[in-house]
Amino acid sequence: MPTVKSSPTFSVAAYVSFPFIMKATGGFPDAIINATKVVEKPDLLSWHGITGPNAYMGTPAEVIIWAIILGLVWGSVVAISPWQSSRYLMAKNEHVAIRSGVWAMISIITIYLFLHLSITTVNNIKPDIDPTEKVFIWAAMNIVPTWLGVIIVSGIMAAALSSCATFLQLIGSSIARDILEQSRGTSYSDRTLLNVSRISMVIISIIILLIGLWQPPSVMWIGYFAATLFAASWGPVAFSSVFSKKVTKEGAFWSIIIGFLGVIFGELLGKWGVALPVYLNPVIIGVILSGITLMIGSRFGTITEEERAYQERLHQRSIDENEEKEMAITRKYPAYLMISGVLIIVITFVFYYWPLTLAG
C-alpha cells in the first residue's frame, strides 16, 4: 500500500468502508479475531506478519530490519522525490507547507490503520485473492454497497492518475529541457520544447501501456523498487547538495549513476539466486556506493561562486509579511500532533490489541 498516494476521495473511501467490511466479514470484534485464525496465513495480524511456508519476509528480526530500511527509504523519497517537491512548490509559504505536512502525516497513519485492518479481515471470506494488491478492489466490488464501491474505485483511480500525470510531466520536461536543450547546447522556442514534451509523453504512455498489457505489474513491488532507486541514486546527492559545501557537479553526476547501478546490481544478484542478508538490501548497496562515489567524485571539478551563493540562499529563512500571525498558527500544530498520537493509540488499542487478546 505505500505506493498508493493518498487523495481526499481515497481517504473517505478508506474510512467509510471500514464498518461495512467489518460487518460483512463477521462483525467487530469477531472479524479481527477470525482473521488471526486463517489457516492459510498464520500470524496474519501479528506485528511481524505471516509465518510458515508462505512467509516472504523471513524471520521476525529480518522483518523489523526490513521495515526500518523501507521506512528510511520512503522518508528519503518523500523528502527528495520530484513528485513530492512539486507539491511543496505550490504552497503559499513555508508555514503552509509545514501545516499541510502535519495533516498529511496524520491522515496517512489513520488511513493505514483502518485500511490494513479492514482488508485483513477480507481473508475471512476469500483468503486466496491474487495478487494481494487487488484485495481492496475485490472488497469494493463484492462486499460494500455499490455506491461505496464506486467511491473506492474512483479514489484509487484518482490517486493513481495524479501520480501518473506527475511522472509523465517530469519525463516530458526532462526530455525537452535536460536532454534535448542541454545536450545540444541550442536554445529552442517554448513552443518547440512544449511539442517535444507532449510527443515524448504520448510515446512513453504507449510503451508503458503495452508493457502493462504484456506483463501485468505487481504494483506494490514496483513501488518499492522505484523508491529504492530514488533513495539510493538521489538521496545522498540531494541532502549533501543542501548541507555540504564540498559537493561538485561531477561528484553529484557520478553519484547518481553509481547509486542507480548499485540498486540494479543488488536486484540482479537476487535474480541470479544470490541470497543477500536483509541488511544488504539493494538500496543499502546503492546508498553506500553512491555515497563513496560522491566523496571521491567531489574532489574533481570546482564550485562556482554562483553555486555557492545559491546554496547560501537555500539556508536563508523565508520571512512572510504576516510572520507573527503565521507563526502563531504554526505553533499550534505540535499540539495537534500530540492529540492525534493519543487518539491513534486509543484506536489501535480498541480495534487491534483488544481483539487480539480475545483471540488468545
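Before going further, it helps to examine the overall build of the protein. The number of helices and strands found in the protein is 14 helices and 0 strands. Listing every helix and strand of the protein by position from the N terminus yields α-α-α-α-α-α-α-α-α-α-α-α-α-α. On the principal axes, the C-alpha backbone points of the protein span a range of 65 × 60 × 40 Å. In the protein, which comprises 360 residues, the share counted as buried stands at 34%. Contacts in the protein between residues at least 24 apart in sequence constitute 75% of all its contacts with a sequence separation of at least 6. Carbon and sulfur atoms form 68% of the exposed surface of the protein, whose accessible area is close to 21,800 Å². Averaging the coordinates of the 24 positive side-chain charges in the protein and doing the same for the 22 negative ones gives two points 3 Å apart.

Turning our eyes to something else, we now look at a nonpolar patch on the surface. Taken together, the side chains of Phe-28, Val-342, Val-346, Phe-349, Val-350, Tyr-353, Trp-354 and Leu-358 present a nonpolar region at the surface, about 740 Å² in accessible area. Topologically, Phe-28 is positioned in the loop between α1 (8-24) and α2 (30-35). A relative accessible area of 34% means that Phe-28 is categorised as partly exposed.

In this section: unusual backbone geometry. In this structure, the amide linkage connecting Phe-28 to the following residue, Pro-29, adopts the cis form with an omega of 5 degrees. For Pro-29, the position within the fold is in the loop between α1 and α2. The backbone of Asp-43 shows a phi angle near 65 degrees, a positive value even though the residue is not glycine. Looking at the element boundaries, Asp-43 is found in the loop between α2 and α3 (60-80).

Quick look at the packing of helix α5 (residues 94-121) against helix α14 (residues 333-359) now. Where α5 contacts α14, the two axes come as close as 11 Å, and the packing angle between them is 0 degrees. Taken as axis vectors, α5 and α14 run roughly parallel relative to one another. Here Arg-99, Val-102, Trp-103, Met-105, Ile-106, Ile-109, Thr-110, Leu-113, Phe-114 and Leu-117 of α5 come into contact with α14, specifically with Tyr-333, Tyr-336, Leu-337, Ser-340, Ile-344, Ile-347, Thr-348, Phe-351 and Tyr-352. Looking at the contact of α5 with α14 residue by residue, the class counts come to 15 nonpolar, 3 polar and 1 charged.

Scoring rules and cut-offs
Residues numbered from 1 in each chain as written. Predicted model: local features only at pLDDT ≥ 70, side-chain atom pairs only at ≥ 80, totals over all residues. Heavy atoms only, no water. Helix = DSSP H or I, 4+ residues; strand = E, 2+ residues; numbered from the N terminus. Buried < 20%, exposed > 50% of the residue type's maximum accessible area, 1.4 Å probe, protein only. Contact = heavy atoms within 4.5 Å. Areas by Shrake-Rupley, 256 points an atom, 1.4 Å probe, with all protein chains shown as cover. Lys, Arg positive; Asp, Glu negative; His and termini not counted. Charge placed at Lys NZ, Arg CZ, Asp CG, Glu CD. Patch = residues over 30% accessible without salt bridge, like charges linked within 9 Å, V, L, I, M, F, W, Y side chains within 5 Å. Salt bridge = Lys/Arg side-chain N within 4 Å of Asp/Glu carboxyl O. Axes fitted to C-alpha atoms, helices over the stretch in contact; angles between N-to-C directions. Parallel < 35°, antiparallel > 145°, perpendicular 65-115°, else oblique. Nonpolar A, V, L, I, M, F, W, Y, C, P; charged D, E, K, R; others polar.

Everything listed here is a matter of coordinates, which is why it stays silent on function.
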